[in-house]
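# Summary of the model geometry
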Amino acid sequence: MTFNFANTRRLARQVVHETLGVPALYQDNPLSKPIGIAARWTNKTRLMGDIDREGYAQTEEAVDRVVFCAADSAAIGCKRGGTITFPDYDDITFTLHERLPNDGPYDETWMVSRP
């Protein structure tokens, strides 16, 4: 029997999501009722500028992303312009902007911004 890397990767991502995912509320219309879903908010800092030390100012930019289980996201129909609120993080809310290309099984990642 051969090793199935794709299945192992899917299982690993499932464990990460089930362990680190927190309750969130998705809404794609201000008049609709929010739908509960588990999601993960990730934040990275990206350095920009100072290209080849030629005198450009160096700046930092926060990059926010939200990660869903792809099956859960499809079931509720996550789409651009929808909002996701994390009650456990002081009700921080993000607007979904761009779904990132699929990089493997299980996860669906969106670029988001704070309204």
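It should be noted that the structure appears before, not after, this text.
These remarks concern the structure in this document. Every residue gets a number counted from 1 within its own chain, in the order that chain's sequence is written. At least 70 in pLDDT is required for a residue's local features to be given in this predicted model, at least 80 for side-chain atom pairs to be given and counted, and no such filter applies to totals for whole chains, interfaces and linings, which use all residues. The basis for every side-chain value is the complete set of heavy atoms in the structure, and neither hydrogens nor water enter the calculation.

### A word on the overall build of the chain
Secondary structure summary: the chain contains two helices and six strands in total. Secondary structure elements are taken from DSSP: a helix is a run of H or I of four residues or more, a strand is a run of E of two residues or more, and numbering for both begins at the N terminus. Beginning at the N terminus, the succession of helices and strands in the chain can be written as α-β-β-β-α-β-β-β. When burial is assessed residue by residue, the chain has 28% of its 115 residues classed as buried. Throughout, a contact is declared for two residues whenever any of their heavy atoms are within 4.5 Å. Restricting to contacts in the chain with at least 6 residues of sequence separation, those with at least 24 account for 49%. Per-residue and other accessible areas follow the Shrake-Rupley method at a 1.4 Å probe size, with only the shown protein chains counted as cover for residues. When the accessible surface of the chain is summed, it comes to about 7,800 Å², and 53% of that surface belongs to carbon and sulfur atoms. We call a residue buried when its accessible area falls under 20% of the maximum for its residue type, exposed when it is over 50%, and partly exposed in between, using a 1.4 Å probe and counting protein chains only.

### Side note on the packing of aromatic side chains
Here is the rule: rings of Phe, Tyr and Trp (six-membered ring for Trp) pair when centre to centre is within 6.5 Å. Planes less than 30 degrees apart are stacked, more than 60 are edge-to-face, and the remainder are tilted. Counted according to the given criterion, the structure contains four aromatic pairs. Geometrically, the ring pair formed by Trp 41 and Tyr 89 is edge-to-face, given 5.6 Å between the ring centres and 65° between the ring planes. On the criterion of sequence distance, the pair formed by Trp 41 in strand 2 (residues 35-48) and Tyr 89 in the loop between strand 4 (83-86) and strand 5 (92-99) is long-range, its members being 48 residues apart. With relative accessibility at 26%, the residue Trp 41 sits in the partly exposed group. Joined through ring pairs, the aromatic side chains of Trp 41, Phe 86, Tyr 89 and Phe 94 make up one cluster.

### Section: the side chain of His 17
Structurally, His 17 can be placed in helix 1 (residues 5-20). Exposure remark for His 17: the relative accessible area of 4% places this residue in the buried category. Two N or O atoms count as a polar contact when they lie within 3.5 Å, although within protein this holds only if one can serve as hydrogen donor and the other as acceptor, and sequence-adjacent residues are included solely when both atoms are side-chain atoms. There is a polar contact of 3.4 Å between the side chain of His 17 and the backbone oxygen of Ala 38. In contact with His 17, other than residues within four places in its own chain, are Ala 38, Ala 39, Arg 40, Val 67, Phe 68, Cys 69 and Tyr 106.

### Digging into the side chain of Ser 73
Secondary-structure assignment places Ser 73 in helix 2 (residues 70-76). Given a relative accessible area of 2%, Ser 73 falls into the buried group. When neighbours within four sequence positions are excluded, Ser 73 is seen to be in contact with Ile 37, Phe 68, Cys 78, Glu 108 and Trp 110.

Function cannot be read off these values alone, since they describe shape.
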